[in-house]
Amino acid sequence: MNETRKKRPAGIYIHIPFCVRRCSYCDFLSTTYGEDVQEQYFRMLDRQVRLSPYKDELRIVSVFFGGGTPSLPAPSLLTGILDTVRECFDVAKDAEITAECNPGTLDAVKLRAYRDAGINRLSIGLQSADNRMLKKLGRIHSFETFEKEFDLARETGFRNISVDLMYDLPGQDRAMFRDTLEKVLALREPPQHISPYSLIIEEGTPFWEMFHEDAELKKLGDTPLFLPSEDEESGMLSDLKEILTAHGYHRYEISNWAQEGFESLHNKGYWERREYLGFGLGASGQVRDRRCKVTSDLKSYLSGDLGEKEVITLSRKDKIEETMFLGLREMKGVSREAFQKEFGVTIDSIYGDVIRNLIRLKLIKDDGDAVRLTEHGIEISNPVLSEFLLG
Ligand code: SF4
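Residues numbered from 1 in each chain as written. Predicted model: local features only at pLDDT ≥ 70, side-chain atom pairs only at ≥ 80, totals over all residues. Heavy atoms only, no water.

### Topic: the packing of aromatic side chains
Then, number 1: Under the defined criterion, the tally for this structure stands at twelve aromatic pairs.
Then, number 2: Summarising the aromatic geometry, the rings of Phe-143 and Phe-146 are spaced 5.7 Å apart at their centres and angled 35 degrees between planes, so their arrangement reads as tilted. With Phe-143 and Phe-146 both in helix α6 (residues 143–156), this residue pair falls three residues apart, about one helical turn.
Then, number 3: According to the relative accessible area criterion, Phe-143 is buried, its value standing at 5%.
Then, number 4: Ring centres of Tyr-167 and Phe-177 lie 5.7 Å apart, and the angle between their planes is 55 degrees; this geometry places the pair in the tilted category. Linking Tyr-167 in strand β5 (residues 161–167) with Phe-177 in helix α7 (residues 174–185), this pair joins segments that are ten residues apart in sequence.
Then, number 5: Each residue in the set Phe-18, Tyr-41, Phe-42 and Tyr-301 is aromatic and connected to the rest through ring pairs, giving one cluster.
Then, number 6: For Lys-183, the ring lying beneath its charged end belongs to Phe-143, and the centroid distance is 5.8 Å. (Phe/Tyr/Trp six-rings, centres within 6.5 Å; stacked < 30°, edge-to-face > 60°. Helix = DSSP H or I, 4+ residues; strand = E, 2+ residues; numbered from the N terminus. Buried < 20%, exposed > 50% of the residue type's maximum accessible area, 1.4 Å probe, protein only. Lys NZ or Arg CZ within 6 Å of the ring centre and 35° of its normal.)

### A closer look at helix α2 (residues 35–51)
Each α-helix winds once per 3.6 residues, and so residues spaced three or four apart point in a common direction.
Then, number 1: With 17 residues, α2 should reach 24 Å at 1.5 Å per residue; the first-to-last C-alpha distance of 24 Å fits that figure.
Then, number 2: All buried positions along α2 are accounted for by Val-37, Gln-38, Tyr-41, Phe-42, Met-44, Leu-45, Gln-48 and Val-49. For α2, the buried positions fall inside an angular range of 165 degrees around the axis, keeping them on one side. Seen from the buried face of α2, the exposed residues on the opposite side, beyond 90 degrees, are Glu-35, Asp-36, Arg-43 and Leu-51.
Then, number 3: Where α2 is buried, its residues touch β1 (8–16), α3 (75–88), β11 (275–279) and α11 (298–302). (Expected span 1.5 Å × (residues − 1). Arc of directions from axis to C-beta. Contact = heavy atoms within 4.5 Å.)

### Overview of the pairing of strand β17 (residues 370–373)
Here is the key point about a regular strand: its side chains alternate between the two faces of the sheet.
Then, number 1: Of the strand pairs in this sheet, strand β15 (residues 334–335) and β17 are connected by two bridges, and their pairing is antiparallel. Among the inter-strand pairings, Val-334 is bridged to a residue of β17, identified as Val-371.
Then, number 2: When strand β16 (residues 364–366) meets β17, the two strands line up antiparallel, connected through three bridges. Counted as the bridge partner of Lys-365 is Arg-372 from β17.
Then, number 3: Hairpin connection of β16 to β17: three residues between the antiparallel strands, including Gly-368 at a positive phi of 95 degrees. (Pairing = 2+ DSSP bridges.)

### Notes on the sheet that holds β17
Then, number 1: Spatially, the three strands line up as an open sheet ordered β15-β17-β16, and their pairing is antiparallel. Taken across any chain shown, the strands that pair with only one partner, and hence form the sheet edges, are β15 and β16.
Then, number 2: In the packing of helix α14 (residues 347–360) onto the sheet, contacts are made with β15, β16 and β17, and the angle to β16 comes to roughly 125 degrees. (Axes fitted to C-alpha atoms, helices over the stretch in contact; angles between N-to-C directions.)

### Section: the site of the ligand
Then, number 1: What surrounds the ligand is the set Cys-19, Arg-21, Arg-22, Cys-23, Tyr-25, Cys-26, Phe-28, Gly-68, Thr-69, Asn-102 and Arg-139.
Then, number 2: Looking at side-chain class alone, the shell around the ligand contains five nonpolar, three polar and three charged residues. (Near = heavy atom within 4 Å. Nonpolar A, V, L, I, M, F, W, Y, C, P; charged D, E, K, R; others polar.)

### Observations concerning the pairing of strand β9 (residues 250–253)
Then, number 1: Bridging between β9 and strand β10 (residues 256–258) involves three bridges; their strand directions are antiparallel. When the sheet's bridge partners are listed, Arg-251 is paired in β10 with Trp-257.

### Side note on unusual backbone geometry
Then, number 1: Of note, the bond from Gly-67 into Gly-68 is cis; its omega dihedral lies within 30 degrees of zero at 15 degrees.
Then, number 2: Topologically, Gly-68 is positioned in the loop between β2 (58–67) and α3.
Then, number 3: Although it is not a glycine, Asp-289 sits at a positive phi angle of roughly 65 degrees.
Then, number 4: Looking at the element boundaries, Asp-289 is found in the loop between β12 (284–287) and β13 (290–293).
Then, number 5: The phi dihedral of Lys-362 falls on the positive side, at around 60 degrees, and the residue is not glycine.
Then, number 6: Examined against the element boundaries, Lys-362 turns out to sit in the loop between α14 and β16.

### Structural notes on the environment of Arg-139
Then, number 1: Mapping Arg-139 onto the fold places it in the loop between α5 (131–136) and α6.
Then, number 2: Taking the C-alpha atoms as reference points, Arg-139 and Leu-126, separated by 13 residues in sequence, lie 9.0 Å from one another.
Then, number 3: Setting aside residues no more than four positions away along its own chain, Arg-139 makes contact with Arg-21, Cys-23, Tyr-25, Asn-102, Pro-103, Gly-125, Leu-126, Gln-127 and Leu-134.
Then, number 4: Separated by 2.8 Å, the side chain of Arg-139 and the backbone oxygen of Gly-125 make a polar contact. (Polar contact = N/O pair within 3.5 Å; in protein donor to acceptor, adjacent residues only side chain to side chain.)

### A short note on the domain arrangement of the protein chain
Then, number 1: Taken as a whole, the protein chain is organised into domain 1 (3–271) and domain 2 (315–391).
Then, number 2: The C-alpha centroid of domain 2 is placed 29 Å from the C-alpha centroid of domain 1.
Then, number 3: Counting residues at the interface gives nine residues for domain 1, matched by eleven residues for domain 2.
Then, number 4: When domain 1 packs against domain 2, the two sides together hide about 890 Å² of surface, and 54% of this comes from carbon and sulfur.
Then, number 5: Run the count over domain 1 and domain 2 and you get three salt bridges.
Then, number 6: Here Glu-375 ties to Lys-241 by a salt bridge, and the two come within 3.2 Å at their closest N and O atoms. (Domains from an automatic or database assignment. Buried area = accessible area lost by both parts, 1.4 Å probe. Salt bridge = Lys/Arg side-chain N within 4 Å of Asp/Glu carboxyl O.)

### A closer look at the packing of α7 against helix α9 (residues 230–246)
Then, number 1: Orientation of α7 relative to α9, taken along the N-to-C sense of each, is 20 degrees, at an axis distance of 9 Å. Put simply, α7 runs roughly parallel to α9. Every pair of crossing elements has a handedness; the one defined by α7 and α9 is right-handed. Packed against α7, whose contacting residues are Arg-174, Phe-177, Arg-178, Leu-181, Glu-182 and Leu-185, the element α9 presents Glu-232, Gly-235, Met-236, Ser-238, Asp-239, Leu-240, Glu-242, Ile-243 and Leu-244 at the interface. (Parallel < 35°, antiparallel > 145°, perpendicular 65-115°, else oblique. Left-handed = near helix turned anticlockwise from the far one by under 90°.)

Structural data, given as structure tokens:
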């Protein structure tokens, strides 16, 4: 057996915690520090990658630069880290290498540098095609900026592009969300992958303040604060399904749609419990049933605190639960055969009652080979998935 075959497939996540400014809904780990701190940060990232103890046992099949805004720092910083990853790890020739980008931070020089370094997938955060909404969200760009940079990415040769969209936004109605979808699909070469996700008002964000303190007295821009009703939300979801299906996308995970062959390999790795390493501020990793995090404190990270934190060893129970509630997020569901192969028992011996009950409620279906969510199960996935916690 050669060296390459002995290695286990894994992904690498690299966190880039810098943004031009904070969006009103954002609770991601990101800051607005400038070039000096960014350079210092990348020096630490470089050191962290080089110090990884897992270099000889993993074969890297995907690399994902997430943020923050990975497209904000000088492109040589990003591509330099990718060079270090390649130097230290066995990176598959056909590895999926994604950079999250925000409109307003891309230009031809950056895009060419990414392409030449082997970044082969972009994930662009558009969120909405409505300029007034983008302003309310605190985004730094307009739809036109997105359109221009998206076209530039196509011209540079990027054939695999994902776009993030948000629904359930304050003041948004069904027609506005439909309009966003239609504008994205009317691009000269529409994205291969679309991730629509609902706004969650997180504690500590400007939106939280607006919605939880004297909300009735406040306004967001010129719009009174209100969130779409449940009916409006379910209308948006039904439009989403109808429009994306009509344009040749298939839903392969609860919040992810792709044209055939463009599913995100990196994200599938999480749902299928492939091992992954996390580099950079607050990044998580999971290798050999050990899960750990990097410090979330920027000052500590910059001073060289690169060690593993919050280490937990996953028990058999943890792994069984995760197999179910991560696996069910994918439309292909959880394979009975794969489950039995990994755990030595059938799904039914552990979840027989839960599965029968959820089938009776038409929330999951079972074709004998795999257990999957039904359409209704997808709509209310959180409570359905929590049924698979073993207590
Ligand atoms: S661009 Fe993304 S990470 Fe940065 S502040 Fe906005 S939502 Fe947060």
